[in-house]
Amino acid sequence: MGLLDGKVVVVTGAGGGIGRAEAKLLASEGAKVVVNDVGGARDGVGADDAAANAVVAEICAAGGEAVANFDSVATAEGAHRIVLAAVTAFGRLDVLVNNAGIVRDKSLMKMTEEMWDSVIAVHLKGTFLCTQAAAKQLMAQGEGGRIVNTTSVSGLLGNFGQANYAAAKAGIYGLTRTAAIELQKHRITVNAIAPIAKTRMTDDLPMFQGIDTLTPEHIAPAVLFLASPLCADRTGHVLAVSGSRMYAYKVVEAKGKFKDGNEVWTANEIAENWDAITKV
Ligand code: NAI
């Protein structure tokens with residue numbers, strides 16, 4: 001018995017890195033998987049069917065079921081065709097994992113409009129378009145479903161040189177929270193992971209040099225949990241994984257301070273009361 005027996009799953013950007021590990025684990029738990037990937041470079045340039053095809057071959061060799069799809073998540077037509085691939089091959093959809101991503105890092109003052117647009121298009125617009133296409137299918141089936149998005153510590157806390165990526169990933173956080181609220185009545189849970197793993201996206205960062213304990217395989221079980229019946233009543237959460245550390249991100253609202261008599265605050269009073277206003 002697998003946790004996803006009989007379920008149909010789409011994993012976007014599953015031709016390598018974290019998505020590949022997720023697709024393989026979900027398939028090993030009984031899911032029929034659409035392995036989506038355009039197969040471009042890490043900055044999104046180019047396309048190659050080989051990446052998605054190789055992961056499908058790995059899943060099938062291990063006794064699982066999978067088909068490849070090479071559409072981009074960044075267009076409405078692509079998102080529609082990714083969901084259609086699941087319905088055509090396996091007759092339905094149960095789980096969407098929004099994982100596809102690219103990076104074009106540059107400090108804020110050197111970032112071009114093209115760098116901004118391309119990263120926002122794949123991460124934020126792609127997550128929106130695939131979520132909408134998948135939710136349409138899940139609502140038509142009427143049996144609920146699971147959507148798992150991929151945010152990042154970069155978006156939740158900020159990171160030097162990643163204004164485009166951080167804005168996209170923070171946007172995915174807001175999208176996750178809103179989709180969780182709106183789709184709850186259809187029994188569709190929407191959660192996100194915030195992974196840290198050594199992949200082609202990160203392997204040149206100083207923190208990953210000489211480190212082999214932060215693997216994509218450490219990340220995949222968090223997605224399996226969020227995609228499974230174990231997570232039926234949890235929605236709108238951000239589950240973070242870094243090697244063997246499993247934790248969570250939460251936005252915290254400080255209790256704040258009221259002025260007597262419903263009076264308007266002055267800027268000087270805000271300065272004087274900063275600690276009391278911001279204390280959590
Ligand atoms: P990766 O570069 O190995 O994987 C990303 C995959 O997405 C690639 O196979 C790529 O071809 C595919 N892709 C890119 N544009 C696409 C498009 N338009 N349509 C379909 N597929 C597309 O990188 P990694 O690290 O596996 O990243 C996976 C996700 O995890 C990304 O969303 C990334 O932002 C996120 N993430 C990764 C972290 C890490 O430490 N590796 C940290 C935080 C978030």
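The shown structure was predicted, so the numbers you read here are calculated from the model rather than taken from an experiment.

Looking at the layout of surface pockets
Step number 1: Reported here for the second largest pocket is a volume of approximately 280 Å³.
Step number 2: Glu-143, Gly-144, Gly-145, Arg-146 and Arg-187 are the residues nearest the centre of the second largest pocket, which is lined by 19 residues in total.
Step number 3: Elements with a minimum of two residues in the lining of the second largest pocket: strand S5 (145-150) and strand S6 (188-196).
Step number 4: For the lining of the second largest pocket, the per-class residue count stands at five nonpolar, six polar and eight charged.

Regarding helix H2 (residues 50-61)
Step number 1: Under the 1.5 Å per step criterion, the end-to-end length of H2 is 16 Å for twelve residues, consistent within 8% with the ideal 16 Å.
Step number 2: Listing the buried residues of H2 in full gives Ala-52, Val-55, Val-56 and Ile-59. On an axial view of H2, the arc spanned by its buried residues comes to 100°, and they lie on one face.
Step number 3: Residues of H2 that are buried make contact with helix H1 (17-28), strand S2 (32-36) and strand S3 (65-69).
Step number 4: Gly-63 sits one or two residues past H2 and shows a positive phi near 95°.

Some remarks on the sheet that holds strand S4 (residues 95-97)
Step number 1: Read from one edge to the other, the open sheet built from eight strands follows the order S3-S2-S1-S4-S5-S6-S7-S8, with strand pairing classed as mixed. With partners counted over all chains shown, the strands left at the sheet margins are S3 and strand S8 (245-249), one partner each. Each strand axis lies, on average, 20° off the axis of its neighbour in the sheet, ignoring direction.
Step number 2: Pairing of S5 with S6, which is carried by six bridges, proceeds in the parallel orientation. Bridge pairing links Gly-145 to Ile-188 in S6.

Points about the site of the ligand
Step number 1: For the ligand, the set of nearby residues contains 30 residues, the closest of which are Ile-18, Asp-37, Asn-99, Tyr-165 and Thr-199.
Step number 2: A distance of 2.7 Å separates an oxygen atom of the ligand from a polar backbone atom of Asn-99.
Step number 3: Side-chain polar atom of Arg-200 to an oxygen atom of the ligand: 2.9 Å apart, as the coordinates give it.
Step number 4: Here the ligand has 830 Å² of accessible area as a free molecule, and 96% of this is covered by the chains.
Step number 5: Broken down by secondary-structure element, the contributors of at least two residues to the shell around the ligand are H1, helix H4 (113-141), helix H6 (163-183) and S6.
Step number 6: For the shell around the ligand, the per-class residue count stands at eleven nonpolar, 15 polar and four charged.

Quick notes on unusual backbone geometry
Step number 1: Here Arg-187, not a glycine, exhibits a phi torsion of approximately 60°, which is positive.
Step number 2: Checked against the element boundaries, Arg-187 lands in the loop between H6 and S6.
Step number 3: A relative accessible area of 52% means that Arg-187 is categorised as exposed.

Observations regarding the domain arrangement of the chain
Step number 1: One can read the domain layout of the chain as domain 1 (8-249) and domain 2 (253-280).
Step number 2: Computed from C-alpha atoms alone, the centre-to-centre distance between domain 1 and domain 2 is 40 Å.

Side note on the packing of aromatic side chains
Step number 1: All chains considered together, the criterion is met by one aromatic pair.
Step number 2: Across the ring face of Tyr-247, the terminal group of Arg-245 is positioned such that the distance to the ring centre comes to 3.6 Å.

Focus: the pattern of salt bridges
Step number 1: Evaluated as defined, the whole model comprises ten salt bridges.
Step number 2: For Glu-58, the salt bridge identified is with Lys-24, shortest N-O distance 2.9 Å. Residue Glu-58 is located in helix H2, and its partner Lys-24 is located in helix H1; the two are separated by 34 residues in the primary sequence.
Step number 3: Using a relative accessible area of 31% as the deciding quantity, one classes Lys-24 as partly exposed.
Step number 4: Across the salt bridge formed by Glu-269 and Lys-259, the nearest N and O atoms sit 2.7 Å from each other. Of this pair, Glu-269 sits in helix H8 (residues 267-272) while Lys-259 sits in the loop between S8 and H8, placing them ten residues apart in sequence.

Rules of the game
- Along every chain, residues carry numbers that run from 1 in the direction the sequence is written.
- It should be noted that, the model being predicted, local features are given only for residues of pLDDT at least 70 and side-chain atom pairs only at 80 or more, the latter also being counted only at that level, while totals for whole chains, interfaces and linings use all residues.
- Side-chain metrics in this entry use all non-hydrogen atoms of the structure; hydrogen atoms and water are not considered.
- In this analysis the probe radius is 1.4 Å and the grid spacing 1 Å, with only protein atoms considered; a cavity is a set of points the probe fits into but cannot get out of, a pocket is an open set with protein on both sides within 12 Å along at least five of seven lines, and lining residues have an atom within 4 Å of a point.
- Grid points are joined across faces, edges and corners, and a volume is the space filled by probe spheres set on the points.
- In this description a helix means any DSSP run of H or I spanning at least four residues, a strand means any run of E spanning at least two, and both kinds are numbered starting from the N terminus.
- Each residue is assigned to one of three groups, with Ala, Val, Leu, Ile, Met, Phe, Trp, Tyr, Cys and Pro labelled nonpolar, Asp, Glu, Lys and Arg labelled charged, and all others, Gly among them, labelled polar.
- One less than the number of residues in a helix, times 1.5 Å, gives the span that helix is expected to have.
- Here the term buried applies to any residue with accessible area under 20% of the maximum for its type, exposed to any over 50%, and partly exposed to those in between, with areas from a 1.4 Å probe on protein chains only.
- Within this analysis, the arc is defined by the directions that extend from the helix axis to the C-beta atoms.
- Throughout, a residue-residue contact means that at least one pair of heavy atoms, one from each residue, lies within 4.5 Å.
- By this definition, two strands are paired if DSSP reports at least two bridges between them.
- All axes here are fitted lines through C-alpha atoms, helices being fitted over the stretch that makes contact, and every angle between N-to-C directions spans 0 to 180 degrees.
- Put simply, a residue is near a molecule or strand once any heavy atom of it comes within 4 Å of that molecule or strand.
- Think of a polar contact as two N or O atoms within 3.5 Å of one another; within protein, one of them needs to be a possible hydrogen donor and the other a possible acceptor, and neighboring residues in sequence only count if both atoms come from side chains.
- Note on areas: Shrake-Rupley with a 1.4 Å probe; residue coverage comes only from the protein chains shown.
- Domain delimitation in this document rests on an assignment produced automatically or drawn from a domain database.
- Aromatic rings from Phe, Tyr and Trp, taking only the six-membered ring of Trp, are treated as a pair when their centres fall within 6.5 Å; an angle between ring planes under 30 degrees marks them as stacked, one over 60 as edge-to-face, and anything in between as tilted.
- Placement of a charge over a ring requires the Lys NZ or Arg CZ to be within 6 Å of the ring centre, with the centre-to-atom vector within 35 degrees of the ring normal.
- Salt bridge, as used here, is a side-chain nitrogen of Lys or Arg placed within 4 Å of a carboxyl oxygen of Asp or Glu.

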